[in-house]
Amino acid sequence: MTLTEKELIETVSRLTSDRLIEYLAAEIVIPEQSDQGLVYQNIDVARLELACELHEQYDMETDALSMMISLIDQLHGLRAELREVLNAIEAQPEPVRQQLVNVIGTARFRRR
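What you see is a predicted model; the values in this text were computed from it and never measured. Counting restarts for each chain, with residues numbered from 1 along the sequence as it is written. The model is predicted, so local features are restricted to residues of pLDDT at least 70 and side-chain atom pairs to those at 80 or more, both for listing and for counting; the totals for chains, interfaces and linings are taken over all residues. Hydrogens and water molecules were not included; the side-chain quantities draw on all heavy atoms of the structure.

A run of H or I in DSSP counts as a helix once it spans at least four residues, and a run of E counts as a strand once it spans at least two, with each numbered from the N terminus. Given a helix with a known number of residues, its expected span is that number minus one, times 1.5 Å. Its 17 residues give helix H3 (residues 42-58) an end-to-end C-alpha distance of 24 Å, which sits within 8% of 24 Å, the value for a rise of 1.5 Å per residue. The criterion used for residue contact is that any of the two residues' heavy atoms lie within 4.5 Å. Those residues of H3 that are buried are in contact with helix H1 (5-11), helix H2 (17-25) and helix H4 (62-90).

In structure tokens:
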């Protein structure tokens, strides 16, 4: 689903046109160009809802919001990569899985 700027502002109740301009400048969202002009995706709606909530609840400045959302993006990326690693381990024969568990567990406790 794509939304125009007008539809986006209607959808994200706490979003104003001025705030959207600030968020665009900080690259909190990066809309796509289409025949209709700039359009926004569902992920943009979620990011803007979070940005508005953080802005209002914690009085966060736009630069801090941008950094916070970037860190959340990185965390989501790492979770996806970890899920792929776990799926790859699960696909291995039992002796290989057990060896990996032993090595990972030993390495984890060695670092402390």
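After that view, the rundown keeps rolling.
Glancing now at the confidence of the model for the protein chain. Mean pLDDT over the protein chain stands at 91; residues scoring 70 or higher make up 94%. Known as pLDDT, the predictor's per-residue confidence is scaled from 0 to 100. When mean pLDDT is compared element by element in the protein chain, H2 scores highest at 97, while helix H5 (residues 94-110) scores lowest at 80.

Another point: the pattern of salt bridges. A pair is scored as a salt bridge if a Lys or Arg side-chain nitrogen falls within 4 Å of a carboxyl oxygen belonging to Asp or Glu. Tallied over the entire structure, the rule returns 5 salt bridges. Here Glu56 makes a salt bridge to Arg19, at a shortest N to O gap of 3.2 Å. Here Glu56 is found in helix H3, whereas its partner Arg19 is found in helix H2, with 37 residues between them in sequence. With a 1.4 Å probe rolled over the protein chains alone, any residue whose accessible area is under 20% of its type maximum counts as buried; one over 50% counts as exposed, and the rest are partly exposed. Since its relative accessible area comes to 41%, Glu56 is described here as partly exposed. Between Asp73 and Arg47 there is a salt bridge; the shortest N-O distance is 2.6 Å. Residue Asp73 is found in helix H4, and its partner Arg47 is found in helix H3; the two are separated by 26 residues along the sequence.

What follows is about the nonpolar core. The biggest cluster of nonpolar side chains holds 18 residues, and the ones touching the most others in it are Leu8, Leu15, Tyr23, Ile28 and Leu48. When contributions to this core are tallied by element, the ones reaching two or more residues are H2, H3 and H4. Examining the composition of this core, we find that 5 residues originate from one element, H3, more than from any other. Those residues in contact with Tyr23 that sit more than four places away from it in its chain are Leu15, Ile28, Val29, Leu48, Ala51, Cys52, His55, Thr62 and Leu65. Residues belong to a common nonpolar core when they are buried Ala, Val, Leu, Ile, Met, Phe, Trp, Tyr or Cys residues joined through side-chain atoms within 4.5 Å.

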